[in-house]
Amino acid sequence: MKNLFFKIGLFLLCITTIKIFHMTSRCEYHDVRNEKDIPYISIQADILQKQILRRRSLYKYCKSKTLSTTVSSRYLIYSDNEKLLYCYIPKAASTTWKRLFLIFENTTTFANVSMIDKNEVHKLYYKNLKDIKNNDERTFRENYFYSFLITRHPFERLIATFRNKFEDPYTSFFQKLYGSRILRKYRRNLPSDQIRAGVGVTFQEFIKYILSTRFYDEHWNRMTDICSPCNYKYDYIAKMETLVADSKAILESTGLHKKYPFLENSTDRYEKKTSDLIESYFSNIPKPDVLKLYKIYKDDFEAFDYTIPTFLNVDV
């Protein structure tokens, strides 16, 4: 317990100085570099308070877990130009932030980045930590680059995946890959061409499929499995619920706000309240299935301090 209060106190001391480190901003783990390397910025007190609470929840969660010996760095992309390390979670603002990384690495410009199709954004090249063979080079970036991740309420993320991949998709790829499996599993007497197309999957069927399989596509895999937050010490824990404010804070914390504004035009869809989406889509999901779903994503709920909305009336 003393160790917990010490770490929280040390973090508070670091962030309330309003001197957020550029490149070596890992307050808790590294010494301050030259004074001239530290930009003076002003981050709102409520943002700092949220970081304290998010770190506290994550610390409590990690203390209760045994660290995994096999950690994937597949989702950790980085920018050598701007000294950033980002664990991207599909359906949690990954398209928006990947676009920023394209700008950071001079792949495109701020003026042209919005012209890149959403699907194409994910097909382009990004520097990935898993591709670095030299351990010293990997460790340097892990320790000295400003690192962050963006989380999302587990149930809202499932809704976003369903809407984007099955209900109103940009392409038919997921409908053909997973939609056809789901229809074959839960429908009877459908024409073979409809099954192959995978069109018409309902949210209830999508949830049933998740509950019935042990394989999780990255779009509905657990966020804790994707980013291993107990193994990697992220400098900033952002959330979709406060995406704009968090993203601006990340840019300010690294001094990048002077060069790059956040792509706010990509965030219009995030304005709808999580609770509204969950209530609408989960209204026909049986309570036993909601509880089973919670148990699958329990680590995400606990690590990132999310709760089941009270209107679902499910005791966990």
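The structure under discussion appears in the preceding block.
Below, the structure is looked at part by part. (Residues numbered from 1 in each chain as written. Predicted model: local features only at pLDDT ≥ 70, side-chain atom pairs only at ≥ 80, totals over all residues. Heavy atoms only, no water.)

## Details of the overall build of the chain
A count of helical and extended segments in the chain gives 14 helices and 4 strands. Sequence separation of 24 or more characterises 71% of the internal contacts of the chain that already satisfy a separation of 6 or more. Accessible surface, the chain: about 16200 Å² in total, of which carbon and sulfur atoms supply 50%. (Helix = DSSP H or I, 4+ residues; strand = E, 2+ residues; numbered from the N terminus. Contact = heavy atoms within 4.5 Å. Areas by Shrake-Rupley, 256 points an atom, 1.4 Å probe, with all protein chains shown as cover.)

## With respect to the sheet that holds strand β1 (residues 76–79)
Across the sheet, which stays open at both edges, the 4 strands sit in the order β1-β2-β3-β4 with mixed pairing between neighbours. In this open sheet, the two edge strands, each paired with only one partner strand, are β1 and β4 (236–239). Each strand of the sheet is rotated relative to its neighbour by a mean of 25 degrees, with strand direction disregarded. Pairing of strand β2 (residues 84–87) with strand β3 (residues 146–151) involves 4 bridges; the strand directions are parallel. Across the sheet, residue Leu84 finds its bridge partner in β3, namely Tyr146. (Pairing = 2+ DSSP bridges. Axes fitted to C-alpha atoms, helices over the stretch in contact; angles between N-to-C directions.)

## Re the side chain of Ser94
Mapped onto the elements, Ser94 comes out in helix α3 (residues 94–104). Using a relative accessible area of 5% as the deciding quantity, one classes Ser94 as buried. Residues contacting Ser94, with those up to four places away along its chain left out, are Tyr86, Tyr88, Ile89 and His122. (Buried < 20%, exposed > 50% of the residue type's maximum accessible area, 1.4 Å probe, protein only.)

## Here we look at the pattern of salt bridges
The final tally for this structure, using the stated rule, is 15 salt bridges. Of the charged contacts in the structure, one is a salt bridge between Arg74 and Glu218, with a shortest N-O distance of 3.4 Å. Pair noted here: Arg74 is in the loop between α2 (45–63) and β1 and Glu218 is in the loop between α9 (203–212) and α10 (223–227), with a separation of 144 residues, a long-range link. Classification of Arg74 as partly exposed rests on a relative accessible area of 42%. On the accessibility criterion, Glu218 (22% relative accessible area) is partly exposed. Put simply, Asp131 and Lys130 hold a salt bridge, and the shortest N to O gap is 3.0 Å. Here Lys130 falls in the partly exposed class, since its relative accessible area comes to 41%. One continuous salt-bridge network, built from bridges that share partners, spans Asp80, Glu105, Lys127 and Arg141. (Salt bridge = Lys/Arg side-chain N within 4 Å of Asp/Glu carboxyl O.)

## Some words on the environment of Pro309
For Pro309, the position within the fold is in the segment after α14 (298–303). Overall, the relative accessible area of 15% leaves Pro309 in the buried class. Setting aside its immediate chain neighbours within four residues, Pro309 contacts His153 and Ile278.

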